[in-house]
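The primary structure of each chain is shown beneath.
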Amino acid sequence: MSLTGDPSSELLSRLVDSVKEISGLPECRNVFKKTHGDLVRRIKLLSPMFEELKDNNEELSEEETKGFELLRTVLDSAKELLKSVVEGSKVYQTLQRDDIADKINQITEKIEAALGEIPYDKLNLSEEVQEQIELVHAQFRRAKGRQELQDHQLEVDLAIAQREKDPDRAILKRLSEKLHLQTIDDLKKESLAFHELVIASGGDPGDWFKKMASLFKKLKDYVQTENPEIDSAEAGKGMIKHRSPVIPDDFRCPISLELMKDPVIVSTGQTYERSCIQKWLDAGHKTCPKTQQTLLHTALTPNYVLKSLIALWCESNGVELPKQPGACRSKKVGSSMSDCDRAAVTTLLDKLGNGSLEQQRSAAGELRLLAKRNADNRVCIAEAGAVPLLVELLSSTDPRTQEHAVTALLNLSINDLNKGTIVNAGAIPDIVDVLKNGSMEARENAAATLFSLSVIDENKVAIGAAGAIPALIKLLCDGTPRGKKDAATAIFNLSIYQGNKARAVKAGIVPPLMRLLRDAGGGMVDEALAILAILAGHQEGKVAIGQVDPIPVLIEVIRTGSQRNRENAVAILWSLCTGDSQQLILAKQFGAEEALKELSESGTDRAKRKAGSILELLQRADTVVDQS
């Protein structure tokens, strides 16, 4: 990734990237195939406008920026919706087709409205591109509010398939084809998407779960008996129903050997029935019954993946679904922690705030592990009030406690809401202090935490102002390989903000980056080029890069590097050579023309354009020399 530095170029780069990501989505193979394809096709046609404006390197007016910002927001929403339609459960989307069709239509309306806010007739666009954008805008306008023709046969087939216990096979055949559930591989993917829905529902999927499970089971039985990919033995299994099925070993509790109703995970990673392991713990045991390892903590984390698999197995085999136990259930919707787990977390927080140094260290370590395990734990730990206590421990004189605290915050920060909680607790200056003065592990995880927090734009400003960049540069120079990469990713993300570019240059980042770039075996060439490409678009960065003899190594990367590295290298070279005849002369002396001609034929689209621009500059320079 590379940016030319100014806000307009950054905005246009993000729009180009959004279109690329949408264009790169897999083909849609479900009932929304046409609608999905039409929306992707129209969005792809917007790309030439963004790319041409970006290459013209012009400053957008306030009105133009407002329109493009609105369009960027809408395209981000479109990307998430289109991705979910491609990757989601086909059965679920078929049952929810009216709601999803409405969402696609709303996105279409929003894109059309955003295009209406952009005065593209005033932009410096070629006639060809302007005509294309006007055509695309008209297409979105016509598509807005257009009702797709109802598939009456699909409506009828779905109604019968859901109502009848053993639907006609012709109906199941049509549904299998319409939903693109025709192979064993299709069934496996649908099953995974089905489980993801269960997990996302927080364990309370609602009425649609039974409808989906019933329809999926009928389609699965049909495909397994009709599909030539499956052998006779497997087909026989598919036909066996309501005999006493053998419970898979993974579905049995290792203690009771019974089918699990409420599977939970202990600190060793083993899964047990909640009531059984709770009795074991209540009896004073401190070890895992299966492995005999000492338990690091006694918190129990629900295993929702296994629970959904057990539910699907029961449905497919005519076994009554296990009843949800009444005790120890989470009262908070969307939370995976039970009251028992909350009590354990509360105990850990009490030790964190009031315990001895050893208790604080141990409690911070347990919270670190819990926060790493899953998304629900991260929500629950933050809601219990852990963040301010962990922030206080960043100033601990005990190195291990400090490491646990900063790593726990790193794990919690994966949740976007927790990012705000961490920043509001005043964590940034303390994290920067750990980055400057902590152990190597603490410094590495502090860098990773700053990267995580800097995903939110306003945090980029606060982190830069807190003095993080010089400390990140130091870690980039003397850290472990992992530490260097953590530092590089944090610097890269922070440098997207214009003010941090100047901070990084003033802190002396360019010479270390050039050293990393020249050390091909050091494993940091990709990162060094990506950061330099951002800095090259800033005037101070361009000057600093020009002072460290970059031309030979950039041309070598253009000759031999990966596609992404060649693109970044040519972007840096373009910035250096634009308006600087001395750098242009050096580029020519080091054989840039041959490398650029090859890149203009075999590089990425952006690399081709940059290479062509530099070649034009070289030709003009030759013309001037000849005329003189």
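Residues numbered from 1 in each chain as written. Predicted model: local features only at pLDDT ≥ 70, side-chain atom pairs only at ≥ 80, totals over all residues. Heavy atoms only, no water.

1. Remarks on the overall build of the protein
Move 1: The secondary structure content of the protein amounts to 34 helices and three strands.
Move 2: With 628 residues in all, the protein has 50% of them scored as buried.
Move 3: Of the contacts formed within the protein by residues at least 6 apart in sequence, a portion of 71% connects residues at least 24 apart.
Move 4: Just so you have it, the protein exposes about 29600 Å², and 51% of that area is on carbon and sulfur atoms. (Helix = DSSP H or I, 4+ residues; strand = E, 2+ residues; numbered from the N terminus. Buried < 20%, exposed > 50% of the residue type's maximum accessible area, 1.4 Å probe, protein only. Contact = heavy atoms within 4.5 Å. Areas by Shrake-Rupley, 256 points an atom, 1.4 Å probe, with all protein chains shown as cover.)

2. Some remarks on the pattern of salt bridges
Move 1: Scanning the model with the defined rule gives 33 salt bridges in all.
Move 2: In this structure, glutamate 527 engages lysine 485 in a salt bridge whose closest nitrogen and oxygen atoms are separated by 2.8 Å. Of the two residues, glutamate 527 sits in helix H28 (residues 525–535) while lysine 485 sits in helix H25 (residues 481–494), which places them 42 residues apart along the sequence.
Move 3: Classification of glutamate 527 as buried rests on a relative accessible area of 19%.
Move 4: Looking at lysine 485, the relative accessible area reads 34%, which means it is partly exposed. (Salt bridge = Lys/Arg side-chain N within 4 Å of Asp/Glu carboxyl O.)

3. Thoughts on the environment of leucine 95
Move 1: Among the structural elements, leucine 95 can be located in helix H5 (residues 90–95).
Move 2: With a relative accessible area of 22%, leucine 95 lands in the partly exposed category.
Move 3: In the structure, leucine 95 is positioned 63 residues away from leucine 158 in sequence and 8.4 Å away in space, judged by C-alpha atoms.

4. Digging into the sheet that holds strand E2 (residues 271–273)
Move 1: On the basis of which strands lie adjacent, the open sheet formed by three strands has the order E2-E1-E3 and antiparallel pairing. Lying at the two open borders of the sheet, with one neighbouring strand each, are E2 and strand E3 (301–302).
Move 2: Here strand E1 (residues 263–265) runs beside E2; their pairing, made up of three bridges, is antiparallel. Among the inter-strand pairings, valine 264 is bridged to a residue of E2, identified as tyrosine 272. (Pairing = 2+ DSSP bridges.)

5. Focus: the state of the cysteines
Move 1: Taken as a whole and judged by the stated rule, the model has zero disulfides.
Move 2: Here cysteine 276 is not disulfide-linked; the sulfur of cysteine 253 is the nearest cysteine sulfur, at 4.2 Å.
Move 3: Look at cysteine 276 and you get buried, because its relative accessible area is 19%. (Disulfide = S-S within 2.5 Å.)

6. Comments concerning the packing of aromatic side chains
Move 1: Under the criterion given, the structure shown has one aromatic pair.
Move 2: Summarising the aromatic geometry, the rings of phenylalanine 50 and phenylalanine 68 are spaced 6.1 Å apart at their centres and angled 75° between planes, so their arrangement reads as edge-to-face. Of this pair, phenylalanine 50 sits in helix H3 (residues 47–56) while phenylalanine 68 sits in helix H4 (residues 62–87); the two residues are 18 residues apart in sequence, bridging distant segments of the chain.
Move 3: Look at phenylalanine 50 and you get buried, because its relative accessible area is 0%.
Move 4: For the cation-ring pair, lysine 610 lies above tryptophan 574, with the distance from its terminal atom to the ring centre recorded as 3.5 Å. (Phe/Tyr/Trp six-rings, centres within 6.5 Å; stacked < 30°, edge-to-face > 60°. Lys NZ or Arg CZ within 6 Å of the ring centre and 35° of its normal.)

7. A short note on unusual backbone geometry
Move 1: Positive phi values are uncommon outside glycine, yet histidine 180 reaches one of about 60°.
Move 2: When you line up the elements, histidine 180 lands in the loop between helix H9 (169–178) and helix H10 (184–200).
Move 3: For aspartate 549, which is not glycine, the phi torsion reads 55° and is therefore positive.
Move 4: Tracing the backbone through its elements, the reader meets aspartate 549 in the loop between helix H29 (539–546) and helix H30 (551–560).
Move 5: Taking relative accessible area as the criterion, aspartate 549 reaches 47% and is therefore assigned partly exposed.

8. Points about the packing of H3 against helix H7 (residues 127–143)
Any two packed helices are characterised by the angle at which their axes cross and by the distance between the axes.
Move 1: In contact at an axis separation of 9 Å, H3 and H7 are set at 145° when each is read in the N-to-C sense. As H3 runs across H7, the sense of the crossing is left-handed. Only Val129, Gln132 and Ile133 of H7 make contact with H3, whose side of the interface consists of Pro48, Met49 and Glu52.
Move 2: Its residues assigned to classes, the contact of H3 with H7 shows four nonpolar, one polar and one charged. (Axes fitted to C-alpha atoms, helices over the stretch in contact; angles between N-to-C directions. Left-handed = near helix turned anticlockwise from the far one by under 90°. Nonpolar A, V, L, I, M, F, W, Y, C, P; charged D, E, K, R; others polar.)

9. Section: the side chain of lysine 79
Move 1: In this structure, lysine 79 sits in helix H4.
Move 2: The residues touching lysine 79, leaving out its near neighbours within four places in the chain, are Glu21, Ile22 and Leu25.

10. Digging into helix H17 (residues 375–383)
Move 1: Looking only at H17, the buried set comprises Asp376, Asn377, Arg378, Cys380, Ile381 and Ala382.
Move 2: A positive phi of about 100° marks glycine 385, the residue just after H17.

11. Some words on the confidence of the model for the protein
Move 1: Overall, the predicted model of the protein reaches an average pLDDT of 82, with 87% of residues at or above 70.
Move 2: Confidence, expressed as mean pLDDT per element, reaches its minimum in the protein at helix H12 (residues 232–239) with 36 and its maximum at helix H21 (residues 427–437) with 95.
Move 3: Counting interchain partners and residues more than four positions distant, the pLDDT-below-50 stretch residues 1–5 has 27 contacts.
Move 4: Low pLDDT (under 50) marks residues 228–244, which in the prediction has 13 contacts with non-local residues, meaning those over four places away or in another chain. (pLDDT = per-residue confidence, 0-100.)

12. A few points about the packing of helix H27 (residues 510–518) against H28
Move 1: Running from N to C, H27 and H28 cross one another at 140°; their axes reach a closest spacing of 8 Å. By the angle between their axes, H27 is oblique relative to H28. Crossing of H27 against H28: the hand is left-handed. Listed contacts from H28 to Val510, Leu513, Met514, Leu516 and Leu517 of H27 are Val525, Ala528, Leu529, Ile531, Leu532 and Leu535.
Move 2: When the residues that make up the contact of H27 with H28 are grouped by side-chain class, the tally is 11 nonpolar, no polar and no charged. (Parallel < 35°, antiparallel > 145°, perpendicular 65-115°, else oblique.)

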